[in-house]
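Here's the letter readout for the chains.
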Amino acid sequence: MATGNTSKPSAPINITQKRPSAQAQTTSSGDHRPQSNRSRFELGPASLQERVGFEPVTRTSSSLAVAMPCQACQRFGLRCVTRDDKDGCTPCLEAGAECSLLALSPQSRKRKLHGEPSGEGTVKRGFSTSDLHSRRHTTNRYARNTTSASLLEDFANVGGPTSLGRTLGLQLDRHSLYIGHTTDFEPSLLNLSDYDPENENTFSRGSLRKVSEGNNFLLVSDSTTRGYAQQQQDVMAVEALVAPHGRALIDLFFQRVHPAFPIVQQYVFIEKYERDYQEFSPSLLAAVYLLAINWWSHSPALAELQRPDTDALERIVRSSLADSMCRPKLSTVEAALLLAQIPGSAPWASTAQLVAISQELGLHLDSSGWDIPPWEKGVRKRLSWAVYMQDKWGALIHGRPSHIAPSNWAVRGLTVHDFPDIDPDECDAAQQDENETGRVVFMRFVQLTTILTEILDTFYTLAAMHKVEHAGAQGAQMVLAQAKPIQLKLKEWYADLPACVRLESLSASSGRSTPSAAVGPAGAAIPGQQRPPSANVGYLHLAYFSAEISLHRRIVGVLSASPTTVDSYLEDICRSAAKARLISSMDFVNRLSPAHLRAFWYFASKTGFALIGTFGALLWATSPGREEADWYRRRLAEYRWTLSVSAKQPGQQGRYLTGFAMDMLDTSTGLLLRQLPEKPSLSRRPTGAMDMTGRSLPTSFSSYGGSSGGLSVQGGGFRGMGVAMNRSSPQSLDSEDDSAVSDDEDDLEDDYRMAL
């Protein structure tokens, strides 16, 4: 036998030894993506990608380091390597894409004609590089980003059996099930399995997939699950119901919903739709259409046309979603989350199913070190936190125990790298700003949800409430002591809000069609110096007020339950702080313009508007005197008037958001408070407003009432029902009260903390 035979078979893997690192496996598996470059393989802002460097490549007899990498490798931060006998670089060849180095290569290495046979010209997945090349040069406005997302996917799936072969939760013909530590699989035995270079091992029940040490999944064929044969018919029926407006609705979805709720990989979604809509799961496609139809009348291209049959769409999405739970994928979670944002589509039982499906997919785990494409890690992370938020806010509005426990949650916090890349060349400046603001809103909402979780776990679990009840006279002091650190966290969260999502931006965008530009020395406007405020910040601030109300609601409730065991001065301080929260939340609702009501609102927002009225009714019912009770009665009447004005706005969004709150307010004030005993009359205050001990309250409170009735326009805060009627008036929507009210609330907070 001749020496130096290059076809010598590789040595068998010793399964008793520790599995080699991913970087070492690249040599044997043919994957030319070194581990050091995988961290760069992230979706993030273009500015971050531009700072990515390239590692030097050692020149060997079989590879050549390229001085200037090709466009694809440069974009994705890959090591651009060519071989002497190949056309183009190795990563492009293995991904089946045209390499930009071909245009620079010498004539002796010219590209083969399409008619010539070539073993390298066909990708393992069954389509030619010429087909891939022609598909990537479409004329639609997403061409560049479609290329990026698809090429990213192709690089991640080199050697895979399908176009999504190397993903874990998005394979076309298989679904993954996380193998826990108490199942019939023994984790220590799984580590001894003889995995192939793709970290898979096939046996009778499916394929074992090892993503990291101690984390394994079972990959099962979709064809063995219920309703699989019906899937293609369902997705065709979905498309037929919206035809020929499918693409217009998808554009509407990414303009209206996606910036504020970015759980879908935008450019991968569009690329798949352009290629073949039948690749989608019917539940995801129908959910996108159903959400987008909510803004049908706001689209110039669709407003005058007949709307699709939403009832038929909803029937398909619910039936297909139930079937897809037998073969869960990330698209199943996406569809369930989007369906929950449709008005009236978030029952508590569906949240339990959503959490169960996400745990099947391992979304409760930290996937940062898994052997999956980096872009899928970002998708999984966003979906994990979206499920977390759905569970926690669902527990709040339904009054149910949460399904997700901190002891079984290992997902890391979100960063900008976990969001899809936004190419500024593919969308206008306004849409670019909206997308970037949406990222901030989503990440800040996740942070707020963690504080809400602490509120629910501290005050509203059965164990916590029983503990307070059994504490007797010390129960109120216990609640106040527990509330102090949470109140500080809420205050710090609000103080750290970026300028683009603060309440001032809400007011700035309310009464103007265009934002005011910066002004130069000569008085001329400087274009591009001020980012247009986003209308999508509304649901973030409403959630903040809901969290504040949930905290103070518990404090007021426990104080009123044991009035004789709490110092009266401390009780008045707590009630004054609660009153400040009510005023601020009512003022927030008063600022909302039609543009805000037409924006995306999180599913819990409907109950958030109602909680403001419920909190006011609680303060009314627990008022120690008739004068204070009358004050809350008048404020609630004015709040209802504000809600009624919002409900009359064109479109269904305003009626859905505020109509429920009006009905709940009528129930609280008209039915539940009907049997409220008559309050005793306390002595009138000659000047200003005082608390129950005679101590003068801050000036912001005296401007809000007393026995005179009406609200002061100049006093700051809530400006009264006469102003709220005219929402298009800039005067009614300008921010006047932020500094005065915030200063007085700070004084209240200082007194509150010292009293504790």
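Residues numbered from 1 in each chain as written. Predicted model: local features only at pLDDT ≥ 70, side-chain atom pairs only at ≥ 80, totals over all residues. Heavy atoms only, no water.

The name given to the protein chain in an unreviewed UniProt entry is Nitrogen regulatory protein OTam, with Cordyceps fumosorosea as the source organism.

A.B. asks: Can you help me understand the overall build of the protein chain in this one?
C.D. replies: Secondary structure summary: the protein chain contains 30 helices and 8 strands in total. Out of the 756 residues belonging to the protein chain, those deemed buried represent 53%. Counted over contacts in the protein chain with a minimum sequence separation of 6, partners at least 24 positions apart contribute 73%. When the accessible area of the protein chain is evaluated, it comes to approximately 33,200 Å², of which 54% is carbon and sulfur surface. (Helix = DSSP H or I, 4+ residues; strand = E, 2+ residues; numbered from the N terminus. Buried < 20%, exposed > 50% of the residue type's maximum accessible area, 1.4 Å probe, protein only. Contact = heavy atoms within 4.5 Å. Areas by Shrake-Rupley, 256 points an atom, 1.4 Å probe, with all protein chains shown as cover.)

A.B. asks: Would you mind showing me how to read the nonpolar core here?
C.D. replies: A general feature of soluble globular proteins is that nonpolar side chains tend to end up buried together. Judged by nonpolar contacts, the single largest core of 140 residues is most densely connected at Phe261, Leu338, Trp393 and Phe609. Broken down by element, the residue count for this core peaks at 13 residues, all from helix H21 (residues 538-561). For this core, the domains that each give at least three residues are domain 2 (228-441) and domain 3 (475-502 + 534-674). Apart from the residues lying within four places of it in its own chain, the contact partners of Trp393 are Phe445, Leu448, Thr449, Leu452, Ala543, Ser546, Tyr602, Phe603 and Ala604. With 8 residues, the next largest nonpolar core counts Tyr178, Leu219, Leu365 and Trp370 among its residues. (Core = buried A, V, L, I, M, F, W, Y, C linked by side-chain atoms within 4.5 Å. Domains from an automatic or database assignment.)

A.B. asks: What should I look at first to understand the sheet that holds strand S6 (residues 215-221) in this one?
C.D. replies: Backbone-to-backbone hydrogen bonds join strands into a sheet, with any given pair of strands oriented parallel or antiparallel. Across the sheet, which stays open at both edges, the 4 strands sit in the order S3-S6-S5-S4 with antiparallel pairing between neighbours. At either end of the open sheet lies a strand with only one pairing partner, and these are strand S3 (174-178) and strand S4 (200-203). Mean inter-strand twist for the sheet, computed between neighbouring axes without regard to direction, equals 30 degrees. (Pairing = 2+ DSSP bridges. Axes fitted to C-alpha atoms, helices over the stretch in contact; angles between N-to-C directions.)

A.B. asks: What am I meant to see in the pattern of salt bridges here?
C.D. replies: Any two side chains of opposite charge can pair, so long as their charged atoms come close to each other. A full pass over the atoms with the stated rule returns 22 salt bridges. For Arg275, the salt bridge is made with Glu279, and the minimal N-O distance between the two is 2.5 Å. Given the relative accessible area of 26%, Arg275 is considered partly exposed. Owing to a relative accessible area of 26%, Glu279 belongs among the partly exposed residues under this scheme. (Salt bridge = Lys/Arg side-chain N within 4 Å of Asp/Glu carboxyl O.)

A.B. asks: Would you mind showing me how to read unusual backbone geometry here?
C.D. replies: The bulk of non-glycine residues show a negative phi, and the bulk of peptide bonds are trans. Residues Ala243 and Pro244 are joined by a peptide bond in cis, for which omega reads 0 degrees. The phi dihedral of Asn199 is positive, around 60 degrees, even though this residue is not glycine. Topologically, Asn199 is positioned in the loop between helix H8 (187-190) and S4.

A.B. asks: I keep staring at the environment of Tyr602 and nothing clicks. Help me out?
C.D. replies: Secondary-structure assignment places Tyr602 in the loop between helix H23 (594-597) and helix H24 (605-621). A relative accessible area of 3% means that Tyr602 is categorised as buried. For the pair Tyr602 and Ala260, spaced 342 residues apart in the sequence, the C-alpha separation amounts to 8.9 Å. Sequence-distant contacts of Tyr602, defined by excluding residues within four places in its chain, comprise Phe261, Gln341, Ala386, Met389, Gln390, Trp393, Phe445 and Tyr539. Within polar-contact distance, the side chain of Tyr602 engages the backbone nitrogen of Gln390 at 3.3 Å. (Polar contact = N/O pair within 3.5 Å; in protein donor to acceptor, adjacent residues only side chain to side chain.)

A.B. asks: Can you walk me through the side chain of Asp418 in this structure?
C.D. replies: Within the secondary structure, Asp418 sits in the loop between helix H16 (374-398) and helix H17 (429-459). Here Thr415 takes part through its backbone nitrogen, which lies 2.9 Å from a polar atom of the side chain of Asp418.

A.B. asks: Sorry if this is basic, but what is going on with the packing of aromatic side chains here?
C.D. replies: In this description, an aromatic ring pair is defined by two values, namely the gap between the centres and the angle between the planes. For the structure shown, the criterion picks out 26 aromatic pairs. Geometrically, the ring pair formed by Phe261 and Tyr602 is tilted, given 6.1 Å between the ring centres and 55 degrees between the ring planes. Residue Phe261 is located in the loop between helix H10 (246-256) and helix H11 (266-275), and its partner Tyr602 is located in the loop between H23 and H24; the two are separated by 341 residues in the primary sequence. There is no split in this pair, since Phe261 and Tyr602 are both buried. Considering the side-chain rings of Trp393 and Phe445, the 5.5 Å spacing of their centres and the 5 degrees angle between planes classify their relative orientation as stacked. Residue Trp393 is located in helix H16, and its partner Phe445 is located in helix H17; the two are separated by 52 residues in the primary sequence. Taking relative accessible area as the criterion, Phe445 reaches 1% and is therefore assigned buried. One aromatic cluster is present, built from ring pairs that chain together Phe261, Trp393, Phe419, Phe442, Phe445, Tyr539, Phe600, Tyr602 and Phe603. For the cation-ring pair, Lys272 lies above Phe280, with the distance from its terminal atom to the ring centre recorded as 5.0 Å. (Phe/Tyr/Trp six-rings, centres within 6.5 Å; stacked < 30°, edge-to-face > 60°. Lys NZ or Arg CZ within 6 Å of the ring centre and 35° of its normal.)

A.B. asks: Explanation requested: the pairing of S4 in the structure shown.
C.D. replies: If a strand is regular, its side chains alternate between the two faces of the sheet. Two strands pair when backbone bridges link them, and S4 and strand S5 (residues 206-212) are joined in this way by 4 bridges, in the antiparallel orientation. Within the sheet, the bridge partner assigned to Phe203 lies in S5 and is Gly206. What sits between the antiparallel neighbours S4 and S5 is a turn of 2 residues.

A.B. asks: Any chance you could explain the confidence of the model for the protein chain here in plain terms?
C.D. replies: Segments scoring low in pLDDT should not have their predicted coordinates read at a detailed level. Per-residue pLDDT for the protein chain has a mean of 73; in total, 65% of the residues score no lower than 70. Predicted confidence for residues 106-163 stays below pLDDT 50, and this span has 110 contacts to residues more than four positions away or in other chains. (pLDDT = per-residue confidence, 0-100.)

A.B. asks: Mind showing me how you'd approach the side chain of Glu628 here?
C.D. replies: Relative to the elements of secondary structure, Glu628 occurs in helix H25 (residues 626-647). Residue classification places Glu628 among the buried positions, given a relative accessible area of 15%. For Glu628, the side chain forms a polar contact with the side chain of Arg575, separated by 3.1 Å.

A.B. asks: In this structure, what is going on with the environment of Cys70? I would like to understand it.
C.D. replies: Note on placement: Cys70 falls in the loop between strand S1 (64-65) and helix H4 (71-76). Taking the relative accessible area as the measure of exposure, Cys70 reaches 1% and is therefore buried. In this structure the C-alpha to C-alpha distance between Cys70 and Val81, which are 11 residues apart in sequence, comes to 9.4 Å.

A.B. asks: Whenever I open this one, H16 confuses me. Can you help?
C.D. replies: Spacing of three or four residues puts side chains on the same side of an α-helix, whose turn is 3.6 residues. Look at H16: 36 Å from first C-alpha to last across 25 residues, which is about the 36 Å you get at 1.5 Å a residue. Following H16 by one or two positions, Gly399 adopts a phi angle in the positive range, close to 65 degrees. (Expected span 1.5 Å × (residues − 1).)

A.B. asks: Got a minute to help me understand the packing of H21 against H24 in this structure?
C.D. replies: Two measures define how a pair of helices packs: the angle their axes make with one another and the distance between the axes. Axis separation between H21 and H24 bottoms out at 9 Å; the angle between their running directions is 35 degrees. Between H21 and H24 lies a crossing of left-handed hand. Residues Tyr539, Leu542, Ser546, Ile549, His552, Arg553 and Val556 of H21 pack against Ser605, Gly608, Phe609, Leu611, Ile612, Thr614, Phe615, Leu618 and Leu619 of H24. A breakdown of the residues in the contact of H21 with H24 according to their chemical character gives 10 nonpolar, 5 polar and 1 charged. (Left-handed = near helix turned anticlockwise from the far one by under 90°. Nonpolar A, V, L, I, M, F, W, Y, C, P; charged D, E, K, R; others polar.)

A.B. asks: Teacher, can you tell me more about H17 here?
C.D. replies: In a regular helix each residue adds 1.5 Å, so 31 residues correspond to 45 Å; H17 covers 45 Å between its end C-alpha atoms and thus fits that length. With 23 of 31 residues buried, H17 lies mostly within the body of the structure.

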